[in-house]
Every structure is written in structure tokens, then in C-alpha cells.
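Below are the chains, spelled out letter by letter.
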Amino acid sequence: MNQPLTDPLRIIDREEHGIDRCQVSANACKVTEQLQAAGYHAFIVGGGVRDLLLDQAPKDFDVATDATPDEVVKVFRRARLIGRRFRIVHVRFGREVIEVATFRSEPRPEQRDHDRGRLLTDNVFGTEAEDARRRDFTINALMYDPSTETVRDHVDGYRDVVERRLRLIGHPVTRYREDPVRLLRAVRFLVKLDLSLEPDTAGPIVGMAPLLANIPPARLFDETLKLFLGGHAWETFQALVRFRLWEQLFPAAMADPDDPPPLVRQALINTDARVAENKPVTPGFLFAALLWPQVQTLARQLIADGVPPVDALGRAGEAALSEQARHVAIPRRFGAMSKEIWCFQPRFERRRGKRVLRLMRERRFRAAYDFLLLRAAEQPELAELAEWWTRIQEVDEAQRQRMIHGKGKGRGKDKRREGQSDVRAGARA
Ligand code: ATP
Ligand code: MG
């Protein structure tokens, strides 16, 4: 293929890289081969290739080609032009979608924001080599050609794969300035792939972290989900704190992120366990936990001023969420769920009568109960309450009736507790 003489393209063959064709999505292979049959260059690129080389299960496979989006659409029947940040083509095979993007060039001067060096667009088509070099990390720029079973390396990324090292392509300060989200991506890949961080790539992170303030909160939300729902939330949190990136994302969430409250730590560890078991994780619950220290502090002040606990949590939650929206835009449906979880907490303290059964039928009962368990792990005085709510879900109907109506043991204690919020009790502590 016509590579310029100056291009240090290295081609790694099957024996060396070890990727077996059947590890690659058959549909992604089909897309590259059909494009090649139509006379274009086309390769599988990005995270899928990287993950195979690092013995991880790839999430998806993307294709890069020298065909323009309009040309790609003509090659496939089930192709659709998508135009968000740049024009790409989705080729659909049942439930699998293969994303096809045209090679793009390195940024031209007019594409930069003159003040900050930030990239405004990256829409200019380019060559295969340029497309490799405009990517973020060397390990993300490797291309796999299924028809020859070779890996094509324009950025000396294969060496970094073998040595398990994360390195930005080009000059790190320039590359972070072009797109500060790369700071977050560095931490995400570092933790997820268990890599070492090349010193020049690591060096500028702490100092450049404040550049995240210029990124639209909606984009930071997408990135935050990838950071916390990828199965390594706890380790990622610690790395974000270490690199001073956490405080850019959630500046007010907790007083001392270097020493996070046990509830936050446990919530992140539980999230990872659920991801490992393929159980669903809901962002609403995650944000409820991350923002709880702040919400709790605000609510305690309101309660001390005489606001009833449920209202206080509602107002505190609202305040925390709207402050948070300036940094990471949590979509309304998730924020609403967090708020429901917070406001549910004082209601667990009332354990008499039919309202217990009504509570158990509420939509957010399960999530709120899980949250109560988290709080109990942090506040021993809540252990008995949490156990009671665990028990009432396990026992039969007759026993359940005894628990909510029964006389005898526990009643006096319960009466004393009624209406006395532990959030308020916390205010005195
Ligand atoms: P994941 O496993 O999270 O999907 P990924 O590397 O595939 O990881 P994507 O966000 O899907 O990440 O991006 C696909 C590819 O596009 C990357 O591998 C990289 O080559 C390129 N890329 C993505 N984001 C950037 C960026 N901010 N700057 C430069 N290149 C990027
Ligand atoms: Mg990807």
C-alpha cells in the first residue's frame, strides 16, 4: 500500500501478535473485507485491537477506512450516516453495530481554539498514518487487517503493548491541551488495563487537571459513566484522586477525597462486584452514594434549623445536584432516582403499621434498602434498623404482621425511635 517513505509503518504478523481471526467480530471482518473488495483501505482500529493484544475481552470493534462516509454508505445495504461530533457510518448486523469512520488528519492550525489549544473540530479527512497519529494513546492506534492477519503500527505502539505501557502519541502537554478528556482516559486505561504510565504522559496530569473545567458537563457525564461502570470503580476513584482529577469532576461531593467515607468506598466496591457478575448497575444509585457525604452534611444543617428530615434531604439533594450539574451533568432521570433514594432514608425509621408494607411496595424500595445497608456499614447505630428491614423481607406473612403490629419486645424501643431521625441524631453527634 502507498505509504509515504517517511512513515515508520511497522507490520506485525500473525506469529508475533498472536491475534486469532476468530477472536475478532465476524461482522467487523466482513465490513473491512467488503470495503477492501470495493477498492478501499479498511482496518479494524482502536479499543478492540488493543484489548485483544492485552488479553482483554473487547467491547466492540471499530473500522477505519479511506472511503468517505458517502462512499461507505454505498457499499453496505444496512448502513446509516450518523453525525454527532463527526460524520461516521453505522453498519448494522442484527444487534451488532460496526462503526466505520473515515481516516482523519492531524489537526490543522485553524481547527484549534487559539487561547487554549483545544481542538474544536477533527473533521478533516487524512491518510491512514495521519489517522493513527491523531489518536490518543499509542496502544489505541494499532490497526488490524483481518485479510492478512497483520497488525499495522504507525506510532510504535506495539512495543508499548508488549511492555504494557500507556503513552500519549506526540507531545503530551499539547495532546492534553487539545482535548483534556484525555486526562481522564489516561486514568481509565491505566486502571482498566493494569498498565504502567510512561513518565512524560504521567507528568503533566496533575498540573493540567484544571483544564477539565472547559469541557461540557454532558461530555464529562459520558466519561464519568465509563470511569465508574467499567468494573474498576474503586481503583479508578483512587487514581482520580491521586491525579487531582476527582476534584474537577465532583468538587463538593466529600470533604476529604483522599480519605473517603466508608460508604463511598463500599458503594464503589459493590458496583465492581455487580459488574463482575453481570448484574445491572444504575447510575442513580452510584451518584446517590458519591454525593451522599455532601447531601448528608447539608441535610443535617437544615434539620438542625427545624426542617423535617424528608424535606431536608430533598432540599439538600436538590442543592447538591444543581451544584454538581456545573461540572458533570447528571441527566434528570438519574438525579431524580438519587433524590428518591436519599429521601427514602428517614422513612425506614418508622416500623409500625401498614405503612411498612406500603413502603415495601414502592418503586425505589429495593435501591433505598440497599442504600440503607451501605449506611449501616458506616454507622453502627443503624445496624439494628437495617437488620429489621432485611428480616421483614425474608419472613412469612404471619411473622411480618407480628413485626409491624406485634406487642412485646422491641415495641417500647421502637416507639422511642419513631419520628426521630437518625440523620438528625447525626446532627448532634
Ligand atoms: P473503550 O474500551 O472504552 O471503548 P476505546 O479505546 O475503544 O476504549 P473509544 O472512546 O471507543 O475508546 O474510542 C475509540 C478510539 O478512538 C480510541 O481507541 C482512540 O484511538 C480514538 N479516540 C477516542 N477518544 C479519543 C480522544 N479523546 N482523542 C484521540 N483519540 C481518541
Ligand atoms: Mg471503543
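On a predicted model such as this, the values are computed, not experimentally measured, just so you know. (Residues numbered from 1 in each chain as written. Chains lettered and ligands numbered in written order. Predicted model: local features only at pLDDT ≥ 70, side-chain atom pairs only at ≥ 80, totals over all residues. Heavy atoms only, no water.)

This paragraph deals with the site of ligand 1. Around ligand 1 there are 17 residues in total, and Arg50, Asn140, Asp179, Arg182 and Arg188 lie nearest to it. Taking Arg182, its side chain carries an N or O atom lying 2.9 Å from a nitrogen atom of ligand 1. At 3.0 Å, a side-chain N or O of Arg185 approaches an oxygen atom of ligand 1. When the free accessible area of ligand 1 is taken as 580 Å², the share hidden by the protein chains comes to 85%. For the shell around ligand 1, the secondary structure elements donating two or more residues are helix H3 (47–53), helix H8 (181–192) and helix H11 (217–228). (Near = heavy atom within 4 Å. Polar contact = N/O pair within 3.5 Å; in protein donor to acceptor, adjacent residues only side chain to side chain. Areas by Shrake-Rupley, 256 points an atom, 1.4 Å probe, with all protein chains shown as cover. Helix = DSSP H or I, 4+ residues; strand = E, 2+ residues; numbered from the N terminus.)

By definition, the strands of a sheet pair up through backbone hydrogen bonds, in either a parallel or an antiparallel sense. Strand order in the open sheet made by the 8 strands is S1-S8-S7-S2-S3-S6-S5-S4, with mixed pairing throughout. Each having just a single partner strand, strand S1 (10–12) and strand S4 (79–83) make up the two edges of the open sheet. If you compare each strand with its neighbour and ignore which way they point, the axes differ by 35° on average. Both strand S2 (residues 42–45) and strand S7 (residues 143–145) contribute to a ladder of 2 bridges, which runs antiparallel. Within S7, the residue paired with Val45 across the bridge is Met143. Contacting S2, strand S3 (62–65), strand S5 (87–93), strand S6 (96–102) and S7, helix H2 (residues 26–37) runs over the sheet at an angle of about 155° to S2. (Pairing = 2+ DSSP bridges. Axes fitted to C-alpha atoms, helices over the stretch in contact; angles between N-to-C directions. Contact = heavy atoms within 4.5 Å.)

Tallied over the full model, the rule gives 29 salt bridges. Linking Arg167 and Asp160 is a salt bridge whose minimum nitrogen-to-oxygen distance equals 2.9 Å. Two residues, Glu384 and Arg351, come together in a salt bridge whose shortest N-O distance is 3.0 Å. Here the residue Glu384 occupies a position in helix H20 (residues 383–394), and Arg351 occupies one in the loop between helix H17 (332–344) and helix H18 (355–361), the gap between them amounting to 33 residues. On the accessibility criterion, Glu384 (28% relative accessible area) is partly exposed. Each of Asp160, Glu163, Arg165 and Arg167 takes part in salt bridges that share partners, so that together they form one network. (Salt bridge = Lys/Arg side-chain N within 4 Å of Asp/Glu carboxyl O. Buried < 20%, exposed > 50% of the residue type's maximum accessible area, 1.4 Å probe, protein only.)

As a further point, take the environment of Arg14. Within the secondary structure layout, Arg14 lies in helix H1 (residues 14–17). Classification of Arg14 by relative accessible area gives partly exposed; the value is 32%. For Arg14 and Thr148, which are 134 residues apart along the polypeptide, the C-alpha to C-alpha distance reads 8.5 Å. Ignoring anything within four residues of it in the chain, the contact list for Arg14 reads Ile19, Asp20 and Glu149.

Okay, the side chain of Asp272 next. By secondary structure assignment, the location of Asp272 is in helix H14 (residues 262–276). Arg265 is the oppositely charged side chain nearest to the buried, salt-bridge-free Asp272, at an N-O distance of 10 Å. With sequence-adjacent residues up to four places away left out, Asp272 is seen in contact with Gly231, His232, Ala233 and Trp234. (Lys, Arg positive; Asp, Glu negative; His and termini not counted.)

Further remarks concern H17. Counted at 1.5 Å a residue, the expected span for H17 with its 13 residues is 18 Å, and the 18 Å between its end C-alpha atoms agrees. Turning to H17, its buried residues are Phe334, Gly335, Met337, Ser338, Ile341, Trp342, Cys343 and Phe344. Where H17 is buried, its residues contact H11, helix H15 (283–304), helix H16 (309–324), H18 and helix H19 (365–378). (Expected span 1.5 Å × (residues − 1).)

Keep in mind these values describe shape, not function.
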